[in-house]
Amino acid sequence: MSNNIFKLTPTIESRIKKNPLLNLDTFIIPSPYVRDSGIARDYTHSYVWIDEREILGYILVYSDIEQKHFHIYKIVVSPFGRGRGIGQAFIKNLAENVPADSEIYLYLWEKQADTLEFFRALGFKIGESIVYRNLVYYLIHGDKEDLLNKMAQDRQAVAEPAEIGKTRHDARKLVRLLSHMVDSLSAENCDKIVEDINRETTTLINMLNSFRDSRKIVHEVSIRSLVLERIVPYVQASPIKCCLQIKINTKNSVVLGYHENIGRALINIISNSLDAIEEKGIKGFIKISLAERGDELILSIRDNGIGISEDLLEKDENGYPAFVGRTTKQRMSGEGLGTMQIYSAFGTDNISVQSSPAGTSWKIVFHQSHTKIDHRFLRMHRRFNEFTTLWEDFGRLRELERNEIITYIWQLRKMEIFMFDLILMFSNDNNIRTIYRTVLGFLEGSMKKKRFRDFILSLNSEKDILKEWLFEVASDIKAKKDRLYESVGEIETYKGALLKSYGQAYENVIIFTIDPQNGNFRASDRKLAEHLDFAQYLDKPKDSLIRGEFTGDLNNDSKSVSLGVWSIDSEEDLVAKLKLVREAAQKLVAMGVHGEKRLAFYQTTYPRHSRDIDSDRYTTFSTFASLSDAELMNFVRETEEAEYDFLMQVD
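Enquirer: What is the right way to read the overall build of the protein chain from this model?
Expert: Helix and strand content of the protein chain: 21 helices and 25 strands. Counting over 651 residues, the protein chain shows a buried share of 52%. Counted over contacts in the protein chain with a minimum sequence separation of 6, partners at least 24 positions apart contribute 70%. Of the roughly 30600 Å² of accessible surface on the protein chain, 48% is carried by carbon and sulfur atoms.

Enquirer: Explanation requested: unusual backbone geometry in the structure shown.
Expert: A negative phi angle is the norm for most residues apart from glycine, just as the trans form is the norm for most peptide bonds. Despite not being glycine, Asp 101 has its phi angle at roughly 65°, a positive value. Take Asp 101: it is sitting in the loop between helix 2 (86-97) and strand 6 (103-109). Even without a glycine there, the phi angle at Asp 539 is positive, about 55°. Inspection of the secondary structure puts Asp 539 in the loop between helix 17 (532-535) and strand 18 (546-551).

Enquirer: Could you clarify how one ought to interpret the sheet that holds strand 13 (residues 296-303) in this entry?
Expert: Paired through backbone hydrogen bonds, the strands of a sheet run either parallel or antiparallel to each other. In spatial order, the strands read 10-12-13-15-14; together these 5 strands make up an open sheet with mixed pairing. The open sheet has two edge strands, strand 10 (242-249) and strand 14 (351-356), and neither has a second partner. Strand after strand, the sheet turns through a mean of 10° between neighbouring axes, direction not considered. Judged from the 8 bridges that link them, strand 10 and strand 12 (residues 284-293) form a sheet pairing that is parallel. Counterpart to Lys 247 in the pairing with strand 12 is Ser 289. The sheet contacts of helix 7 (residues 223-237) involve strand 10, strand 12, strand 13 and strand 15 (359-367), and relative to strand 10 the element is tilted by about 175°.

Enquirer: For this particular structure, what's the right way to read the environment of Leu 498?
Expert: Tracing the sequence through the fold places Leu 498 in helix 16 (residues 495-500). On the basis of relative accessibility, which here comes to 6%, the residue Leu 498 falls in the buried class. Sequence separation of Leu 498 and Ile 406 is 92 residues, and the distance between their C-alpha atoms is 8.3 Å.

Enquirer: I'm lost on the packing of aromatic side chains in this one. Help?
Expert: The geometry of an aromatic ring pair is captured by the separation of the ring centres together with the interplanar angle, meaning the angle of the planes. Evaluated as defined, the whole model comprises 19 aromatic pairs. Ring geometry for Tyr 33 against Tyr 62: centres 5.8 Å apart, planes inclined by 85°, an arrangement best described as edge-to-face. Here Tyr 62 lies in strand 4 (residues 54-63) and Tyr 33 lies in the loop between helix 1 (10-17) and strand 2 (40-41), a separation of 29 residues in the sequence. Joined through ring pairs, the aromatic side chains of Tyr 320, Phe 323, Tyr 343 and Trp 362 make up one cluster. A cation sits over an aromatic face here: Arg 35 above Tyr 105, 4.2 Å from the ring centre. Positioned over the ring face of Phe 471 is Arg 453, at 4.7 Å from the centre of the ring.

Enquirer: So what exactly am I meant to see when it comes to the sheet that holds strand 17 (residues 521-525) here?
Expert: Spatial strand order, 17-16-18-19-21-24: 6 strands in an open sheet with mixed pairing. Every other strand in the sheet has two partners, leaving strand 17 and strand 24 (619-620) as the edge strands with one partner each. The pairing of strand 16 (residues 509-514) with strand 18 spans 6 bridges and is classified as antiparallel. Counterpart to Thr 513 in the pairing with strand 18 is Arg 547.

Enquirer: Help me understand the side chain of Ser 273, please; the structure alone is not making it clear to me.
Expert: Along the chain, Ser 273 falls in helix 8 (residues 259-280). Accessibility expressed as a relative area gives 3% for Ser 273, which makes it buried. Those residues in contact with Ser 273 that lie beyond four places of it in its chain are Ile 286 and Asp 303.

Enquirer: Looking at this structure, how should I read the packing of helix 12 (residues 402-424) against helix 15 (residues 465-487)?
Expert: In a pair of packed helices, the angle between the axes and the distance between the axes together describe the arrangement. At a minimum axis distance of 10 Å, the contact between helix 12 and helix 15 shows a crossing angle of 155°. As far as their axial angle goes, helix 15 and helix 12 are roughly antiparallel. Between helix 12 and helix 15 lies a crossing whose hand is left-handed. Here helix 12 contributes Ile 405, Tyr 408, Ile 409, Leu 412, Met 415, Glu 416, Phe 418, Met 419, Leu 422 and Ile 423 to the contact with helix 15, which in turn contributes Leu 466, Trp 469, Leu 470, Val 473, Ala 474, Asp 476, Ile 477, Lys 480, Lys 481, Arg 483 and Leu 484. Counted by class, the contact of helix 12 with helix 15 contains 16 nonpolar, no polar and 5 charged residues.

Enquirer: What exactly am I supposed to notice about the nonpolar core here?
Expert: Met 419, Ile 423, Leu 470, Leu 484, Leu 563 and Phe 624 are the most contacted members of the largest nonpolar core, which totals 87 residues. A total of 14 residues in this core trace back to one element, the largest contributor, which is helix 12. Aside from chain neighbours lying at most four places away, what touches Met 419 is Val 439, Leu 443, Leu 470, Val 473, Ala 474 and Ile 477. With 36 residues, the next largest nonpolar core counts Ile 288, Leu 290, Leu 297 and Ile 342 among its residues.

Enquirer: Just checking my understanding: could you explain the pattern of salt bridges for this structure?
Expert: Two side chains of opposite charge can pair, provided their charged atoms sit close to one another. Tallying each qualifying case throughout the model produces 27 salt bridges. Because the salt bridges share partners, they merge into one network encompassing Glu 444, Lys 481 and Arg 522.

Enquirer: So what exactly am I meant to see when it comes to the packing of helix 13 (residues 432-443) against helix 15 here?
Expert: Between helix 13 and helix 15, whose axes approach to 9 Å, the crossing angle comes to 35°. Note on packing geometry: the crossing formed by helix 13 with helix 15 is right-handed. Taking contact as the criterion, the partners of Ile 435, Val 439, Phe 442 and Leu 443 in helix 13 are, on helix 15, Leu 470, Ala 474, Ser 475, Ile 477 and Lys 478.

Enquirer: So what exactly am I meant to see when it comes to helix 1 here?
Expert: Along an α-helix, residues three or four apart share an orientation, since each turn contains 3.6 residues. Buried residues of helix 1: Ile 12, Glu 13 and Ile 16, and no others. With its buried residues spanning 100° around the axis, helix 1 presents them on a single face. For helix 1, the exposed residues lying more than 90 degrees away from the buried face are Pro 10, Thr 11 and Lys 17. For helix 1, the elements touching its buried residues are strand 1 (5-7), strand 2, strand 3 (47-51) and strand 4.

Enquirer: What should I look at first to understand the pairing of strand 15 in this one?
Expert: Successive side chains on a regular strand alternate, one facing one side of the sheet and the next facing the other. Alignment of strand 13 against strand 15, held across 8 bridges, turns out to be antiparallel. Paired with Leu 299 across the bridge in strand 15 is Ile 364. Pairing geometry for strand 14 and strand 15, over 6 bridges, is antiparallel. Bridging across to strand 15, Ser 355 finds its partner in Thr 360. Between strand 14 and strand 15, which pair antiparallel and follow one another directly, the connecting turn spans 2 residues.

Enquirer: Help me out: how do you make sense of the environment of Glu 260 in this one?
Expert: With respect to the secondary-structure elements, Glu 260 resides in helix 8. Sequence spacing of Glu 260 and Ala 345 is 85 residues, and the spatial spacing of their C-alpha atoms is 9.5 Å.

Enquirer: When you look at helix 4 (residues 144-153) in this model, what are you seeing that I'm missing?
Expert: Listing the buried residues of helix 4 in full gives Lys 144, Leu 147 and Met 151. Seen along its axis, helix 4 keeps its buried residues to an arc of 75°; they face one direction. For helix 4, the elements touching its buried residues are helix 2, strand 6 and strand 8 (135-143).

Enquirer: Can you walk me through the pairing of strand 5 (residues 69-77) in this structure?
Expert: Bridge count between strand 4 and strand 5: 7 bridges; the pairing is antiparallel. When the sheet's bridge partners are listed, Val 61 is paired in strand 5 with Ile 72. The turn joining strand 4 and strand 5, which pair antiparallel and follow one another in sequence, is formed by 5 residues; a positive phi near 55° is taken by Gln 67. Pairing of strand 5 with strand 6 involves 3 bridges; the strand directions are parallel. Each bridged residue has a counterpart across the sheet, and for Phe 70 the counterpart in strand 6 is Ile 104.

Cut-offs and rules
Residues numbered from 1 in each chain as written. Predicted model: local features only at pLDDT ≥ 70, side-chain atom pairs only at ≥ 80, totals over all residues. Heavy atoms only, no water. Helix = DSSP H or I, 4+ residues; strand = E, 2+ residues; numbered from the N terminus. Buried < 20%, exposed > 50% of the residue type's maximum accessible area, 1.4 Å probe, protein only. Contact = heavy atoms within 4.5 Å. Areas by Shrake-Rupley, 256 points an atom, 1.4 Å probe, with all protein chains shown as cover. Pairing = 2+ DSSP bridges. Axes fitted to C-alpha atoms, helices over the stretch in contact; angles between N-to-C directions. Phe/Tyr/Trp six-rings, centres within 6.5 Å; stacked < 30°, edge-to-face > 60°. Lys NZ or Arg CZ within 6 Å of the ring centre and 35° of its normal. Parallel < 35°, antiparallel > 145°, perpendicular 65-115°, else oblique. Left-handed = near helix turned anticlockwise from the far one by under 90°. Nonpolar A, V, L, I, M, F, W, Y, C, P; charged D, E, K, R; others polar. Core = buried A, V, L, I, M, F, W, Y, C linked by side-chain atoms within 4.5 Å. Salt bridge = Lys/Arg side-chain N within 4 Å of Asp/Glu carboxyl O. Arc of directions from axis to C-beta.

Spatial relationships are all this shows, so hold off on functional conclusions.
Written out as structure tokens, the structure is:
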């Protein structure tokens, strides 16, 4: 048994009922007795996960008198425990402790496609379906030995150093691309370049934060969009003179695959072509064509670079040319990681390469699928159905206990976080920050519902249903949020819950803008918004507000919250801004942020003074909140002269 797993008791169960973090999901089958009316709650085989005195999850099991059939009625993990393998640990622990020849079973709603997949991966089988209260549920069952054997075989793999190397390699290329984009910025092209930089920055963040998980999510990928949205800006931003010709002769360029891996592979091919053109020392050309051949999609990429020598084109017994995994650059500056990633992404059978001193030609074959299994879309579909079909009816909010109001807030925030992820589904064909600003305007009441719907329907999307979801979810959030603020008179006392509930987005970086005087704030995923997007809804000039950032559980004191200001204009203004940050720290402590929570500081956006808040210093909220005016000056540094001079010239 894991050191964090303990047996569930009635006392602990009563604590769980009062914990809003463990009462967010309401999509289990309503009754544990659908299969056997004679089963009873089994505390011996029910468990709870406790980490540093915090309950992060529990599994509630019912069993029959003979101890042969064990029904998992509830298995719940706190938002701050997800990603740690708690659910799998519960199943493994249960299977190890039930008697031999026992059966473990549960019922899952039919819309929980990704959850069905999770249990199947652990060795469970799908049985018959039943209709209960107009919803269809599947029986999921497995024998003790089968489950233990399956879990022993399929231990979660850890990313190998080679994969980290590939990610590092691709990240370097993206950083180089961003540098070229900045160099090409001018008054004439600033709008387009800024948008390209925003997109590539998002790609880089996603790559570094999610490179392990992204390879496991098969979904629909538009090769046409990747060519136009990734390759074209890459070539345009390159300092290497090159003519790019694109010919697309297909109406359907969608294939099933891993979006991140395919995008990285295409950038690697183009990067190698540009390097080969630079080595040849001529004005280059790259020709890209996309065409259909039966059920196949053919992508061809041809350049007039220096080419690859004939001996490096020879294939080994596994179909890999000799150049894969080694650099072909004359300066030997490469590591060959790009070609390894290309062949890993597409497979040896789907790639052909021809080369001569006149240039190199790549041909990549994609096999179009008729099954159209998009696991990312399936997960979003399941989450959407949870909100629309299974949202708990809280009744009259004025009559609820405080704990029930907090649960309502956390469920509302869970829907908002889903909306963040839903907006990101539009990232290939739209400016997601424009979408979010429009959604925010609707939620804040500055846009009418009809106009908002017209805007959503005008968006580009490969799945029109996503537009309907976004409109319906945003409308539901607005209605529930308005209901909360209209019904709860003492909403000021819930500001801590309103802020901490964003911690459910434990993989997202949450930015917020807060008024230090009253604690009013607005927050969002960093990829969707900027701090200034919120200032207009707080009815204060931005220099009276504080910008902040955090990731995950605000009760986790080891993770820091960053606070900062937009500008510092003078020594007097520096003192005033330090006092403003202190006031924000005091307000956040009053809202429930632990005094021991780490506090970090943003670098000021416009430091027009020779001194600035020291962004290299760390402290705690309680320490900073209690500093005297004189002690605040210990958190000041000199602005570097070059940086100060540059910013003064810009200003």
